[in-house]
Amino acid sequence: MAPQKSDEVRSALEKVWLNSRPEALARLATLERFAESLRSGTPDQQSWETALSAAHRLSGSLGMFGLNEASSCAEKIEALLGEGSTPDLAATVSLVERLRMLLERTQASSREPQRRDS
Amino acid sequence: MKRTTVKPAVVTVLVADDDPIVRQAVRSVLDVSGGFRVAGEAEDGKMAVDLVKESDPDILLLDLLMPNLPGLETLRAITTAGSEVRTILLCSAISAKQVLEALQLGARGVILKKRVAELVPALEAVMRGQYWIESQSVSNVVQIVQQLAATNTQPSQPQNRFGLTARETEIISFITQGCMNRDIANSLSITEETVKRHLTNIFNKVGMSNRLELALFAIEHGLVRK
């Protein structure tokens, strides 16, 4: 692809990310609620499935915006939740907290440059 | 009508993914790239099958994990229905086994979501009649095919069908190993021209038109020794 087109594609994806960031944070909140329910006992099946879906969607979409480390973190959460048995509390909480930190690194305002994962 | 490899003025694309963020990202990439039009969006597999029938797009971008009907089952339904839409899997992750299954079901390519910036080159390659597997050439696809050859459950003795000669079967075996014509020529102490002649005869006998199709066909029909 020509460099100009490549820049346009990158710019278009950045705009989509800025618009999608609130939804991504809402998905993260779903994961945080799941981690909280895990802390207080065995989560119900529905919240488990909702969390799994949120992790899967985060894993796929974050990668599209160059947020590879965050995407990889979401992928690990998805794998943990998809194992079938009750996920390890410490591992889940640690990964969800890391994902929060990685997403908060990204800027909510288009006026500021976004920090991209390596 | 049988599709040709001539690229139309505007390539129509159907995007099938349950995540609206992914659909929006794909739409944005295609909008700024020019020459593409999103013909529709499907949020599950069943909807994708219906929309392919309704809108007859040139290309279907298909997610693997979707509600109602998973990606590969969606692809199977579309292929079985006789659609000639060119399908590219757009997924977060995919195993070699799934790639092979997708190719056998008629997929023309695979692109990971994290490489969505390569979407346009992928679509253009597929519209030219080529395959697109993670930015890699057809020979790499054959290497993936070779992995299946190592794990499939075909009989250990090759099946002598389609009127193939022993030398032709030997050449097919090299093709499934990802060998190029020069390698085959060197191994068999024949010229590359002779290899090409053999390949032309093989393609005519089995009804395939390229090395990837031949490799998949050979594995599926047990034409090569494990």
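The rules behind each value
- Residues numbered from 1 in each chain as written.
- Chains lettered and ligands numbered in written order.
- Predicted model: local features only at pLDDT ≥ 70, side-chain atom pairs only at ≥ 80, totals over all residues.
- Heavy atoms only, no water.
- Contact = heavy atoms within 4.5 Å.
- Buried area = accessible area lost by both parts, 1.4 Å probe.
- Salt bridge = Lys/Arg side-chain N within 4 Å of Asp/Glu carboxyl O.
- Polar contact = N/O pair within 3.5 Å; in protein donor to acceptor, adjacent residues only side chain to side chain.
- Helix = DSSP H or I, 4+ residues; strand = E, 2+ residues; numbered from the N terminus.
- Nonpolar A, V, L, I, M, F, W, Y, C, P; charged D, E, K, R; others polar.
- Buried < 20%, exposed > 50% of the residue type's maximum accessible area, 1.4 Å probe, protein only.
- Phe/Tyr/Trp six-rings, centres within 6.5 Å; stacked < 30°, edge-to-face > 60°.
- Lys NZ or Arg CZ within 6 Å of the ring centre and 35° of its normal.
- Pairing = 2+ DSSP bridges.

Would you take a moment to explain the interface of chain A and chain B for this structure?
For an interface, size is often stated in terms of accessible area lost upon the parts coming together. Between chain A and chain B, the contact holds 21 residues from the first and 22 residues from the second. At the boundary of chain A with chain B, total buried surface from both sides reaches about 1,700 Å², with 69% on carbon and sulfur atoms. Among the ionic pairs, Arg57 of chain A bridges to Asp18 of chain B, the shortest N-O distance being 3.5 Å. Put simply, chain A and chain B have 2 residue pairs in polar contact (both at pLDDT 80 or more) between them. Those elements that place two or more of their residues in the side of chain A that touches chain B are helix H1 (3-39), helix H2 (45-64) and helix H3 (68-81) of chain A. At 9 residues, H1 of chain A tops the list of elements feeding residues into the side of chain A that touches chain B. Counted by class, the side of chain A that touches chain B contains 7 nonpolar, 7 polar and 7 charged residues.

Hey, could you run me through the environment of Ile78 of chain B in this one?
All names here are of chain B. Tracing the chain through its elements places Ile78 in helix H3 (residues 71-80). Residue class for Ile78 comes out buried when judged on its relative accessible area of 3%. Taking C-alpha positions, Ile78 is 9.3 Å from Leu105, a pair spaced 27 residues apart along the chain. When residues no more than four places from it in sequence are discounted, the contact partners of Ile78 are Val49, Val52, Leu60, Ser83 and Val85.

Whenever I open this one, the side chain of Arg23 of chain B confuses me. Can you help?
Residues and elements named next belong to chain B. Tracing the sequence through the fold places Arg23 in helix H1 (residues 20-33). There is a polar contact of 2.7 Å between the side chain of Arg23 and the backbone oxygen of Asp17. With residues near it in sequence (within four places) discarded, Arg23 still touches Val15, Asp17, Asp18, Glu41, Ala42 and Glu43.

Can you walk me through the packing of aromatic side chains in this structure?
The geometry of an aromatic ring pair is captured by the separation of the ring centres together with the interplanar angle, meaning the angle of the planes. Tallied over the entire structure, the rule returns 3 aromatic pairs over all chains. Measuring from centroid to centroid gives 5.5 Å for Trp17 of chain A and Phe65 of chain A, while their planes differ by 40°, and the two rings are tilted. Of the two residues, Trp17 of chain A sits in helix H1 while Phe65 of chain A sits in the loop between H2 and H3, which places them 48 residues apart along the sequence. A residue is classified by how much of its surface remains accessible, and Trp17 of chain A, at 2% relative accessible area, is buried. Given a relative accessible area of 4%, Phe65 of chain A falls into the buried group. It is Arg108 of chain B that lies over the ring of Tyr131 of chain B; its NZ or CZ is 4.2 Å from the centre.

I'm lost on the sheet that holds strand S6 (residues 132-133) of chain B in this one. Help?
The pairing of strands in a sheet comes from backbone hydrogen bonds and takes either a parallel or an antiparallel form. Residues and elements named next belong to chain B. If you trace the 6 strands from one edge of the open sheet to the other, you get S2-S1-S3-S4-S5-S6, paired in parallel fashion. Edge positions in the sheet fall to strand S2 (36-42) and S6, since each of these pairs with one other strand and no more. Pairing between strand S4 (residues 86-91) and strand S5 (residues 109-112): 4 bridges, direction parallel. Considered in S5, the bridge of Leu89 is made with Val110.

Explanation requested: the pattern of salt bridges in the structure shown.
Side chains that differ in sign of charge can pair as their charged atoms come close. Enumeration over the complete set of coordinates arrives at 19 salt bridges over all chains. The salt bridge involving Glu193 of chain B is made with Lys196 of chain B; its shortest N-O contact spans 3.6 Å. A residue pair is termed a helical-turn pair when its members lie 3 or 4 positions apart in one helix, as Glu193 of chain B and Lys196 of chain B do in helix H9 (residues 192-206) at 3 residues. Judged by its relative accessible area of 40%, Lys196 of chain B is partly exposed. Via salt bridges that share partners, Glu23 and Arg27 of chain A together with Asp19 of chain B belong to a single interconnected network.

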